[in-house]
Amino acid sequence: MPKDFLRDAKDAYDVVVIGSGLAGLTAANTLARNGHSVLLLEQHYKLGGLATWFRRPGGHIFDVSLHGFPAGMIKSCRRYWNSQIADSIVQLKHIRFDNPMFSLSTTFDRRDFTRHLVERFGVARKTVDEFFDTARAMTHLGDQSMTAGELFERFFPGREDVVRLLMEPITYANGSTLEDPALTYGIVFSNFMSKGVYTFAGGTDKLIGMMDAELRRNGVDVRIRCRAEKIHVERGRVAAVTAAGRRIGCRAVVSNGNLKGTIFDLVGQACFDPRFIEEAQAVRLNNSSTQVYMALKPDVRLDEAECGDLLFTSTAPVFRTDLLLNRQVTSRTYSFYYPKTRPERNRSLIVSSTNARYEDWAGLGRADYQESKRRLVETTLDAVEKYVPKIREKIDATDCATPLTFERYTSHWAGSSFGTKFEGLAVSRRLPREIAGLYHAGSVGIIMSGWLGAVNYGVIVSNDVDAFLLD
Amino acid sequence: MTGAEIKEAVVEILSDIAPDEDCTNLKEDVAFRDQLELDSMDFLDIVMELRKRYRVQIPEEDYPQLASMASTVAYLEPLMKDMEK
């Protein structure tokens, strides 16, 4: 008889959280701390969603999305998790750019970007200050008509090199392009490129393990291998969730699933006003990614001064965001992991990430798909050679992930690795007005994306759920 | 609760949210944001703490009322006047 992963679960909870990405985990923790009974359902066999890792023989552990997050993560972890988690966050001080226009190193903070822009790019100090201040003043309620491209044109007309420096990391972090609203750029830029890049010492497995322990301390009923199949709506209100074949009553649901999957698969469009459905259909998913994972032999050391912690590379002569999604990859971002990441293991690893389109991978036959994966690994090794000479002799194991991999492990539509474009945020926020007790907290709207965006959106939505449950 | 007691409650919450800052000598009519390093998550935390500690519900459209000490106390007074400290 198959194992019952919902064994001893109660018949009803105040809240059911569907999905254990960072937004789902944080929502579950916040709501439990506020005294609500919470059931957390995860379809996969481990928690974390895209904040995940996997092991390969030889003692290697690959982190899938631990590439660097903003300083704000320290405060959010301290406040919404615990100080132990916050205290494990450390700065990555060596961020590099290498492309045909420039090659430089930075500590990735406002002062250092200003220094580069003034000294190296020859931009007037006053212009740089005004740009930073303008970006910082942007809020999600601001003017949506200006695009990021127009914002750059206003401050740095004709300066493709400056745009490349200021945009490339953001495109990498959340898939946004020059055509997206300037305010989404400004908000993320101000969070991310002002106080440095940080990482979690000990790796994703340690972080998620600590979060799991904290959830249990706070009384969350955590269940893995439990796929939520249906959210039941009765008389305009959330009534229950069916998971692993069992119906569990609840007053509220927080879906950490993909926004479209939540509306169209879990609830079903018949439960919504047709005008809302039209808007939900119009929400554009953000792109997906490919990644190549390279584990070095145990005795091999990477040249830290040459590689840095995070390296933005491109061989394209100019920066065009549409080219970033092209299968003829010209841009790759490398995360280098030194033994300090997991000192007890003493391993060095490289993860190469590239934004990608789901459509380019989904239509392939089995043989073509395998061949495309092989080619992706080989061309990546060729590209890494520039920074790690003789890479092929140094590696112990390689693997790769495609948009189909992301789709399989996260159940996100089209393997979307950054949620939706900006319009998705308004649809996500409107859900509880359509159906009482129905909430969504997941990567959405560009600004609520990435590790910090996900954690904070989990809190923002928990606040609404808490207010609803108290009424 | 009186206006003075409400103010004391708000100072207590602010001190928990911004532990590294002195929240006892804030100017009444100057925005919190101009006196303390507060971001939008900090303001959300004020709302959550008021609900948790005093069961006061503040709808999103009223968040701007929490800009300064004077406006916060004026906004909370009618909601909290019947509460015991």
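Just so you know, these numbers come straight off a predicted model, no measurement behind them.

**A short note on the overall build of chain A**
Part 1: Helices and strands together make up the secondary structure of chain A, namely 18 helices and 19 strands.
Part 2: Radius of gyration (C-alpha) of chain A: 22 Å, near the 23 Å computed for a compact globule of 471 residues.
Part 3: When the backbone C-alpha atoms are referred to their principal axes, chain A occupies close to 60 × 50 × 50 Å.
Part 4: Looking at chain A residue by residue over its 471 residues, the buried ones come to 60%.
Part 5: For chain A, restricting intrachain contacts to residue pairs at least 6 apart in sequence, the fraction spanning at least 24 positions comes to 73%.
Part 6: Each charge sign in chain A was given a centre, from 61 positive and 55 negative side chains, and these centres are 4 Å apart.

**A word on the interface of chain B and chain A**
Part 1: Between chain B and chain A, the residue contacts involve 15 residues of the former and 16 residues of the latter.
Part 2: Of the roughly 1,300 Å² buried between chain B and chain A, counting both surfaces, carbon and sulfur atoms make up 45%.
Part 3: Area buried by chain B at its contact with chain A is led by Met-41, Met-48 and Arg-51 of chain B, which between them contribute 41% of it.
Part 4: In this assembly, chain B and chain A are joined by six salt bridges.
Part 5: Here Arg-51 of chain B ties to Asp-466 of chain A by a salt bridge, and the two come within 2.7 Å at their closest N and O atoms.
Part 6: Summed over the shared surface of chain B and chain A, the result is twelve residue pairs in polar contact (both at pLDDT 80 or more).
Part 7: If you tally residues by element for the side of chain B that touches chain A, the top one is helix α3 (residues 40-54) of chain B, at eight residues.
Part 8: Its residues assigned to classes, the side of chain B that touches chain A comprises six nonpolar, one polar and eight charged.

**What about helix α18 (residues 450-470) of chain A?**
Part 1: Here α18 of chain A contains 21 residues, and its C-alpha end-to-end distance of 30 Å stays within 8% of the 30 Å for a straight helix at 1.5 Å per residue.
Part 2: In terms of burial, α18 of chain A is a largely internal element, 18 of the 21 residues being buried.

**What to know about the packing of aromatic side chains**
Residue and element names in this part refer to chain A.
Part 1: Within the structure shown, the criterion is met by 27 aromatic pairs over all chains.
Part 2: Pairing Phe-108 with Phe-312 gives two aromatic rings, centres 6.5 Å apart and planes at 10°, and the pair type is stacked. With Phe-108 in the loop between β8 (103-106) and α4 (110-120) and Phe-312 in strand β15 (residues 310-314), this pair connects stretches of sequence that are 204 residues apart. Neither residue differs from the other here; Phe-108 and Phe-312 are each classed as buried.
Part 3: The rings of Phe-97, Phe-102, Phe-108, Phe-113, Phe-121, Tyr-172, Phe-192 and Phe-312 are connected pair by pair, giving a single aromatic cluster.
Part 4: The residue whose ring lies beneath Lys-46 is Trp-53, and the NZ or CZ to ring-centre distance is 4.4 Å.

**Comments concerning the nonpolar core**
General note: in soluble globular proteins, nonpolar side chains tend to be found buried as a group.
Part 1: Core analysis: the biggest nonpolar cluster contains 140 residues, and Phe-152, Tyr-185, Val-254 and Ile-263 of chain A have the highest contact counts within it.
Part 2: Residue contributions to this core peak at eleven residues, all from α18 of chain A.
Part 3: Apart from residues lying up to four places away in sequence, Tyr-185 of chain A is in contact with Phe-131, Ala-148, Leu-151, Phe-152, Leu-166, Met-167 and Ile-170 of chain A.
Part 4: With 26 residues, the next largest nonpolar core counts Met-1, Leu-26, Leu-36 and Ile-46 of chain B among its residues.

**A few points about the sheet that holds strand β14 (residues 288-296) of chain A**
Residue and element names in this part refer to chain A.
Part 1: Strand order in the open sheet formed by seven strands is β8-β7-β15-β16-β17-β14-β18, with mixed pairing between adjacent strands. The open sheet has two edge strands with one neighbour each: β8 and β18 (395-401). Shown here is a sheet whose adjacent strand axes are inclined to one another by a mean of 15°, direction ignored.
Part 2: Here β14 pairs with β18 via six bridges, running antiparallel. If you follow Ala-295 over to β18, its bridge partner there is Ala-397.
Part 3: Packed onto the sheet, helix α16 (residues 403-410) meets β14, β17 (349-356) and β18 and runs at close to 95° relative to β14.

**A look at the domain arrangement of chain A**
Residues and elements named next belong to chain A.
Part 1: The assigned domain composition of chain A is domain 1 (12-45 + 224-284 + 418-470), domain 2 (53-91 + 198-202 + 287-410) and domain 3 (109-194).
Part 2: One C-alpha centre belongs to domain 1, the other to domain 3; they are set 32 Å apart.
Part 3: Tallying the contact residues gives seven residues for domain 1 and 14 residues for domain 3.
Part 4: Taken together, both faces of the contact between domain 1 and domain 3 bury some 890 Å²; the carbon and sulfur share is 72%.
Part 5: The tally of links between domain 1 and domain 3 comes to one salt bridge.
Part 6: Linking Lys-421 and Asp-180 is a salt bridge whose minimum nitrogen-to-oxygen distance equals 2.9 Å.
Part 7: Put simply, domain 1 and domain 3 have one residue pair in polar contact (both at pLDDT 80 or more) between them.
Part 8: Looking at the side of domain 1 that touches domain 3, its residues break down into four nonpolar, two polar and one charged.

**Observations regarding the sheet that holds strand β9 (residues 197-200) of chain A**
All names here are of chain A.
Part 1: If you walk across this open sheet you meet the three strands as β5-β9-β6, and the pairing is antiparallel. Looking at strand neighbours, the two that pair on one side only are β5 (69-70) and β6 (89-92), the edges of this open sheet.
Part 2: Alignment of β6 against β9, held across four bridges, turns out to be antiparallel. Each bridged residue has a counterpart across the sheet, and for Gln-91 the counterpart in β9 is Tyr-198.

**Some details on the environment of Ser-88 of chain A**
Part 1: Residue placement: Ser-88 of chain A occurs in the loop between α3 (83-87) and β6.
Part 2: A relative accessible area of 11% places Ser-88 of chain A in the buried class.

**Regarding the environment of Asn-463 of chain A**
Part 1: For Asn-463 of chain A, the location among the structural elements is in helix α18.
Part 2: Dropping the residues within four chain positions of it, Asn-463 of chain A is found in contact with Leu-44, Val-47, Met-48, Arg-51 and Tyr-63 of chain B.

**A closer look at helix α6 (residues 148-155) of chain A**
Residues and elements named next belong to chain A.
Part 1: Of the positions making up α6, those classed as buried are Ala-148, Leu-151, Phe-152 and Phe-155. Axial view of α6: buried residues confined to an arc of 95°, hence all on one face.
Part 2: In the core, the buried residues of α6 are packed alongside α5 (125-136), α7 (160-174) and α8 (182-192).

**Some points on the pattern of salt bridges**
Residues and elements named next belong to chain A.
Part 1: In the structure shown here, the tally under the stated rule is 39 salt bridges over all chains.
Part 2: The salt bridge partner of Arg-246 is Asp-11, with a shortest N-O separation of 3.3 Å. Here the residue Arg-246 occupies a position in strand β13 (residues 246-255), and Asp-11 occupies one in the segment before β1 (12-18), the gap between them amounting to 235 residues.
Part 3: In this structure Asp-11 comes out as exposed when scored by relative accessible area, which is 60%.
Part 4: Residue Arg-223 pairs with Asp-221 through a salt bridge whose shortest N-O separation is 2.8 Å.

What counts and how
Residues numbered from 1 in each chain as written. Chains lettered and ligands numbered in written order. Predicted model: local features only at pLDDT ≥ 70, side-chain atom pairs only at ≥ 80, totals over all residues. Heavy atoms only, no water. Helix = DSSP H or I, 4+ residues; strand = E, 2+ residues; numbered from the N terminus. Rg over C-alpha atoms; globule rule 2.2 N^0.38 Å. Buried < 20%, exposed > 50% of the residue type's maximum accessible area, 1.4 Å probe, protein only. Contact = heavy atoms within 4.5 Å. Lys, Arg positive; Asp, Glu negative; His and termini not counted. Charge placed at Lys NZ, Arg CZ, Asp CG, Glu CD. Buried area = accessible area lost by both parts, 1.4 Å probe. Salt bridge = Lys/Arg side-chain N within 4 Å of Asp/Glu carboxyl O. Polar contact = N/O pair within 3.5 Å; in protein donor to acceptor, adjacent residues only side chain to side chain. Nonpolar A, V, L, I, M, F, W, Y, C, P; charged D, E, K, R; others polar. Expected span 1.5 Å × (residues − 1). Phe/Tyr/Trp six-rings, centres within 6.5 Å; stacked < 30°, edge-to-face > 60°. Lys NZ or Arg CZ within 6 Å of the ring centre and 35° of its normal. Core = buried A, V, L, I, M, F, W, Y, C linked by side-chain atoms within 4.5 Å. Pairing = 2+ DSSP bridges. Axes fitted to C-alpha atoms, helices over the stretch in contact; angles between N-to-C directions. Domains from an automatic or database assignment. Arc of directions from axis to C-beta.

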